[in-house]
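# Structural description and commentary
Each chain, letter by letter, is given below.
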Amino acid sequence: MTMEQYYRWINTKAGKKIKDFMDRLIPGLMPEPVPVRVPVRQEDRYNRR
């Protein structure tokens, strides 16, 4: 299972219930997704010629 599939599955209703159950048995077994800030380059509209 890829990480993308894992995070997609974890965000379903059944996935959250299974994750909660597994976290009670073994804390920290299934990590939460961490949002990452990505810098976005903005165009400088005023300096265009």
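Residues numbered from 1 in each chain as written. Predicted model: local features only at pLDDT ≥ 70, side-chain atom pairs only at ≥ 80, totals over all residues. Heavy atoms only, no water.

Another point: the pattern of salt bridges. Within this structure, the stated rule accounts for two salt bridges. Arginine 8 is the partner of glutamate 4 in a salt bridge, and the nearest nitrogen-oxygen pair spans 2.4 Å. Here glutamate 4 and its partner arginine 8 are both found in helix H1 (residues 3-10), four residues apart, which amounts to about one turn of the helix. The same class applies to glutamate 4 as to arginine 8, namely exposed. Put simply, lysine 19 and aspartate 23 hold a salt bridge, and the shortest N to O gap is 2.5 Å. Of the two residues, lysine 19 and aspartate 23 both sit in helix H2 (residues 13-25), four residues apart, roughly one turn of that helix. Taking the relative accessible area as the measure of exposure, lysine 19 reaches 8% and is therefore buried. (Salt bridge = Lys/Arg side-chain N within 4 Å of Asp/Glu carboxyl O. Helix = DSSP H or I, 4+ residues; strand = E, 2+ residues; numbered from the N terminus. Buried < 20%, exposed > 50% of the residue type's maximum accessible area, 1.4 Å probe, protein only.)

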